[in-house]
Amino acid sequence: TERYHYFKSNYFASYLLDSYKESLTQTDRISPFDDLIKKYSSVLGWDWRMLAAIIYKESRFSVAAESSRGAKGLMQLGPSVAKTYSVRNLIDPDENIRAGVKFLGSIQSRYRSSGLDSVNAIKFTLAAYNAGESRVGDCIIFTRENGGDPTDWESVSRYIPMMSMPEYYLN
């Protein structure tokens, strides 16, 4: 329909690869930081493209990105994370990615040591990196208290919308 084409062109056109294919500018690179991303993603045991996706989502590959809450750099690290991992310069790509990967690794280790399978450990790690570990912890508790499986991300994610309903959060 006309409405479909409107939404597709306004919201998805920037994600289409047709223009790259037509102009023969395809490349095997995702960002200028691919070498660093590949180097550090091996620490996590992840495919490097997963780490590249996180960095893209956090900063659009901008070393100077800064959030309203003071997070900086490619992986949008806050001051406490920077201090924990001895980052001197948050806009230095190597330092930022190194510290971000160490932070992801520490989150992932906690989920793995709690008995989660490897797939769920990664899903919970991504959620905690994005929303914060304590928020995800609240989601786990809420899921358990309402009869869901707190070890399965798909189960937990179904309970998250309920947390904004007064009948749940007032109790």
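All values reported here derive from a predicted model rather than from experimental measurement. (Residues numbered from 1 in each chain as written. Predicted model: local features only at pLDDT ≥ 70, side-chain atom pairs only at ≥ 80, totals over all residues. Heavy atoms only, no water.)

## Here we look at the packing of aromatic side chains
Summed over all chains, the structure comprises 6 aromatic pairs. Between Y56 and F61, the aromatic rings sit 5.6 Å apart at their centres with planes inclined by 50°, giving tilted as the arrangement. The exposure class assigned to F61 is buried, which follows from its relative accessible area of 15%. Measuring from ring centre to ring centre gives 5.5 Å for Y111 and F124, while their planes differ by 35°; the resulting arrangement is tilted. Separated by 13 residues along the polypeptide, Y111 in helix α6 (residues 93–113) and F124 in helix α7 (residues 118–131) bring together distant segments of the chain. Note on accessibility: Y111 and F124 belong to one class, buried. Three or more aromatic residues joined by ring pairs form one cluster here, namely Y111, F124 and W153. For K38, the ring lying beneath its charged end belongs to W48, and the centroid distance is 4.6 Å. (Phe/Tyr/Trp six-rings, centres within 6.5 Å; stacked < 30°, edge-to-face > 60°. Buried < 20%, exposed > 50% of the residue type's maximum accessible area, 1.4 Å probe, protein only. Helix = DSSP H or I, 4+ residues; strand = E, 2+ residues; numbered from the N terminus. Lys NZ or Arg CZ within 6 Å of the ring centre and 35° of its normal.)

## Description of the nonpolar core
Among the nonpolar cores identified, the biggest contains 38 residues, and I37, M75, I97 and Y111 are the most heavily contacted of them. For this core, the secondary structure elements donating two or more residues are α3 (34–44), α4 (48–59), α5 (79–84), α6, α7, α8 (133–145) and α9 (153–159). Broken down by element, this core gets its largest block of residues, 7 residues, from α6. Not counting residues up to four positions away in its chain, the partners in contact with I37 are S31, W48, L51, A52, I55, F61 and I97. (Core = buried A, V, L, I, M, F, W, Y, C linked by side-chain atoms within 4.5 Å. Contact = heavy atoms within 4.5 Å.)

## Topic: the side chain of R98
Positionally, R98 belongs in helix α6. It is E95 that comes nearest to the buried, bridge-free R98 among opposite-charge side chains, at 4.1 Å. Look past the residues within four positions of R98 in its chain and what remains in contact with it is Y40, Y85, S86 and V87. (Lys, Arg positive; Asp, Glu negative; His and termini not counted. Salt bridge = Lys/Arg side-chain N within 4 Å of Asp/Glu carboxyl O.)

## Some points on the packing of α6 against α7
Where α6 meets α7, the closest approach of the two axes is 9 Å, and the angle between their N-to-C directions is 130°. With respect to α7, the element α6 is oriented oblique. For α6 against α7, the interelement crossing comes out right-handed. When α6 is examined against α7, the residues G100, F103, L104, I107, Q108, Y111 and R112 are found in contact with a partner set consisting of S118, A121, I122, F124, T125, A128 and Y129. Residue composition of the contact of α6 with α7, by class: 9 nonpolar, 4 polar and 1 charged. (Axes fitted to C-alpha atoms, helices over the stretch in contact; angles between N-to-C directions. Parallel < 35°, antiparallel > 145°, perpendicular 65-115°, else oblique. Left-handed = near helix turned anticlockwise from the far one by under 90°. Nonpolar A, V, L, I, M, F, W, Y, C, P; charged D, E, K, R; others polar.)

## Considerations on α7
Between the first and last C-alpha of α7 there are 20 Å, a value that for 14 residues agrees with the 20 Å anticipated at 1.5 Å per step. Burial in α7 covers these residues: N120, A121, F124, T125, A127, A128 and Y129. For α7, the N-terminal capping position is held by D117, with its side-chain oxygen 3.0 Å away from the main-chain nitrogen of V119. Phi for G132, located one or two positions after α7, is positive at around 105°. (Expected span 1.5 Å × (residues − 1). Polar contact = N/O pair within 3.5 Å; in protein donor to acceptor, adjacent residues only side chain to side chain.)

## Some remarks on the side chain of Q108
Within the secondary structure, Q108 sits in helix α6. Here Q108 falls in the buried class, since its relative accessible area comes to 5%. Once residues lying within four places of it in the same chain are set aside, the contact partners of Q108 are L44, W46, I122 and T125.

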